[in-house]
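Coordinates in review
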Amino acid sequence: MTKNKNNQAIWNSRIKKKGSVLFQKVGSSISIDKRLYKEDIKASIAHVEMLFKQKIISFKIKNKIVYGLGKIEKEIYKKKFDFKNKYEDIHMNIEKRLFQIIGEEAGYIHTARSRNDQVITDLKLWMKSATKEVVLNLDKIIKSTIKISERNIETIMPGFTHLRNAQAISFAHYLLSYVEMFQRDKKRFENNFYNLNENPLGVAALTGTSFNIDRNYTTKKLGFKSPTNNSVDTVSDRDFVLDFLYSTSVCSIHISRIAEELIIWSSDNFELIHLSDKIVTGSSIMPQKKNPDLLEYLRGKSGSLFGNLFSMLTILKGLPLSYFKDLQDDKELVFKSYDNLISCLKIFNEILNNISPNKKKMYELANNGFVTATDLADHLVKNHSMSFRKAYQKTSEIVNFAESKKKRLDELKIEELKKIEPKLNMDVIKVLNLKNSVNSKKSYGGTSFENIKRMIMKYKKL
Ligand code: ARG
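Note that the structure is predicted; figures quoted are calculated from it, not measured.

Regarding the overall build of the protein chain
Along the backbone of the protein chain there are 20 helices and 6 strands. Compactness check: the protein chain gives a C-alpha radius of gyration of 31 Å against a globular reference of 23 Å for 462 residues, more than 25% above the reference. Across its three principal directions, the C-alpha atoms of the protein chain cover 100 × 55 × 40 Å. Relative to all contacts within the protein chain whose residues are 6 or more apart in sequence, the contacts with residues 24 or more apart total 74%. Carbon and sulfur atoms form 53% of the exposed surface of the protein chain, whose accessible area is close to 23,600 Å². The positive charge centre, built from 79 side chains, and the negative charge centre, built from 52, are 3 Å apart in the protein chain.

Points about a positive patch on the surface
On the surface, Lys71, Lys74, Lys78 and Lys80 cluster together into a patch of positive charge. With respect to the secondary-structure elements, Lys80 resides in the loop between helix H4 (59–77) and helix H5 (90–102).

Regarding the site of the ligand
The environment of the ligand is made up of Ser29, Asp89, Arg115, Asn116, Val119, Tyr323, Gln328 and Lys331. Contact distances for the ligand include 3.3 Å between a nitrogen atom and a side-chain N or O atom of Arg115. Ranked by residue count, the leading element in the shell around the ligand is helix H6 (residues 115–151), at 3 residues. Here the shell around the ligand is built from residues that sort into 2 nonpolar, 3 polar and 3 charged.

A closer look at the packing of aromatic side chains
Across all of its chains, the model carries 11 aromatic pairs by this definition. Their ring planes at 50 degrees and their centres at 5.4 Å tell us that Phe52 and Phe59 sit as a pair that is tilted. Here Phe52 falls in the partly exposed class, since its relative accessible area comes to 31%. Residues Phe160 and Trp265 carry aromatic rings whose centres are separated by 6.5 Å and whose planes lie at 40 degrees to one another, so their mutual orientation is tilted. Taken together, the residues span a long stretch of sequence, with Phe160 in strand S1 (residues 156–161) and Trp265 in helix H11 (residues 239–266) at a distance of 105 residues. Taking the relative accessible area as the measure of exposure, Phe160 reaches 14% and is therefore buried. A relative accessible area of 3% means that Trp265 is categorised as buried. By the ring-pair criterion, three or more aromatic residues cluster together here, those being Phe160, Tyr174, Trp265 and Phe270. Geometry around Phe240 places Lys124 over its ring, the cationic atom sitting 5.1 Å from the centre.

Overview of the confidence of the model for the protein chain
Put simply, the protein chain has an average pLDDT of 95, and 97% of its residues get 70 or more. This stretch, residues 1–7, has a pLDDT under 50; its non-local contacts, to residues over four places away or in other chains, come to 17 contacts.

Side note on helix H7 (residues 171–191)
Taking 1.5 Å as the rise per residue, H7 with 21 residues should run 30 Å; its terminal C-alpha atoms sit 31 Å apart, in good agreement. You can read the cap of H7 off the contacts: a side-chain oxygen lies 3.1 Å from the backbone nitrogen of Ala172, and it is on Ser170.

Here we look at the side chain of Ser231
Along the chain, Ser231 turns up in helix H10 (residues 231–236). Ser231 sits in the buried class, given a relative accessible area of 18%. In this structure the side chain of Ser231 is engaged in a polar contact, spanning 2.7 Å, whose partner is the backbone oxygen of Leu206. Beyond its immediate sequence surroundings of up to four residues, Ser231 is in contact with Val203, Leu206, Thr207 and Gly208.

Some words on the packing of H6 against helix H13 (residues 330–352)
Where H6 contacts H13, the axes come no closer than 10 Å and their chain directions differ by 15 degrees. When the axis of H6 is compared with that of H13, the two are roughly parallel. The two elements H6 and H13 cross, and the hand of that crossing is left-handed. Of the residues that constitute the contact of H6 with H13, the class distribution is 17 nonpolar, 4 polar and 5 charged.

Let's talk about the pairing of S1
Most of S1 sits inside the fold, with 5 of its 6 residues counted as buried. Note: S1 against strand S2 (residues 164–170), 6 bridges, orientation antiparallel. Residue Phe160 lies in a different strand from S2, and its bridge partner there is Asn165. Connecting S1 to the antiparallel partner S2 that follows it, the hairpin turn spans 2 residues, and His162 within it adopts a positive phi of roughly 55 degrees.

Things to note about the pattern of salt bridges
Applying the stated criterion across every chain yields a total of 26 salt bridges. The shortest N-O distance in the salt bridge between Asp330 and Lys331 comes to 2.8 Å. Considered together, Asp330 and Lys331 belong to a single accessibility category, that of buried residues. The structure contains a network of salt bridges with shared partners spanning Glu88, Asp89, Arg115 and Lys325.

Rules behind the numbers
- Residues numbered from 1 in each chain as written.
- Predicted model: local features only at pLDDT ≥ 70, side-chain atom pairs only at ≥ 80, totals over all residues.
- Heavy atoms only, no water.
- Helix = DSSP H or I, 4+ residues; strand = E, 2+ residues; numbered from the N terminus.
- Rg over C-alpha atoms; globule rule 2.2 N^0.38 Å.
- Contact = heavy atoms within 4.5 Å.
- Areas by Shrake-Rupley, 256 points an atom, 1.4 Å probe, with all protein chains shown as cover.
- Lys, Arg positive; Asp, Glu negative; His and termini not counted.
- Charge placed at Lys NZ, Arg CZ, Asp CG, Glu CD.
- Patch = residues over 30% accessible without salt bridge, like charges linked within 9 Å, V, L, I, M, F, W, Y side chains within 5 Å.
- Salt bridge = Lys/Arg side-chain N within 4 Å of Asp/Glu carboxyl O.
- Near = heavy atom within 4 Å.
- Polar contact = N/O pair within 3.5 Å; in protein donor to acceptor, adjacent residues only side chain to side chain.
- Nonpolar A, V, L, I, M, F, W, Y, C, P; charged D, E, K, R; others polar.
- Phe/Tyr/Trp six-rings, centres within 6.5 Å; stacked < 30°, edge-to-face > 60°.
- Buried < 20%, exposed > 50% of the residue type's maximum accessible area, 1.4 Å probe, protein only.
- Lys NZ or Arg CZ within 6 Å of the ring centre and 35° of its normal.
- pLDDT = per-residue confidence, 0-100.
- Expected span 1.5 Å × (residues − 1).
- Axes fitted to C-alpha atoms, helices over the stretch in contact; angles between N-to-C directions.
- Parallel < 35°, antiparallel > 145°, perpendicular 65-115°, else oblique.
- Left-handed = near helix turned anticlockwise from the far one by under 90°.
- Pairing = 2+ DSSP bridges.

Pasting the structure below:
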């Protein structure tokens, strides 16, 4: 194998002194990017096949390289590969090993390419599968949420604004609002394919190459859609990393929001939701405790996902073109965010399958706080030709009266109501009923049972 006297890496033969040992340790990325080995080998095979097709390397050399790479892939898969820090990253570790297996002809593999295009080709390939995996897990969550919703179309709970009882709502409708969020997450991840499908391979260090390569060939071989357009932009660009980190952040926001709601709703003071023993943990001192640790974990995790996005934004800000070592950190951020998001999605799916609504308590709580007041105002507008503002005023008076009598709106007698608004008659009674209230919200996107059933059908078709 080509080596200089300091036993340095092959590309380093101009450097005469033994490099900093400390930097070799901290500057090496092999412990992180070894995760890209399959993609690296796949891209290398496509590359040498292209070199052969273009008559840049011989049939014999191409075959030897492909053979060596196959052997390396098996070694890594079987955990028999000795990753070395001093070879810095996955690309050089594989190339070094290729020299050991097939000899000097390994030196042809790096014709017309650089690690600068190699690393992003690998990363994009990896992120394409990762994105598919995220979408798959989102699908599972969407399905679980729809399943619970189907069972709870007529489960009535208080809908909150400012965490104060606002209007009655169907529990299913509430859950389906998260289905909308997760659908948007899916779309956000799927939209990322547009940039992920541009093939960086062949732009080499930053200028392209004088070899007569065929970038369309590797594009097709590797399942990309088209080659990238500008060599300088290609090696500098990490927008696709930002897109991914942003998408994971937004998705984690959604998870943290529902986690927080479930924490509140399952608390001793609300008791709207029951968490099964599978998703609670005990306290080391208080024997009675059942804590929602899993939900808190989900709520907290979004913090590190935002952190990864901000790290990448900061690395890129003001960074001149084209490749700089600064960029090496991109992979760690992507892997961490991916791992965290996937485990959050899996845990969340488990949570969904281990919660049950306390229907009685939901109904009881929905009866607090005069949640049908808006229905009463609407009734005055619709049936007693009042402007909404006038009706609002009258309803406030009725609410004040009920409050002073410590009664709910539906407990007021018709005579009491008539005293404040003489136009009212017995028709008003059904307006103050919770179920009728929920069911009256028939406007598109509203919480009426019919709407919900229709929406569930729609989701199922999707
Ligand atoms: N390990 C490097 C990274 O992940 C690969 C690219 C190295 N390129 C270079 N010119 N040093 O960024």
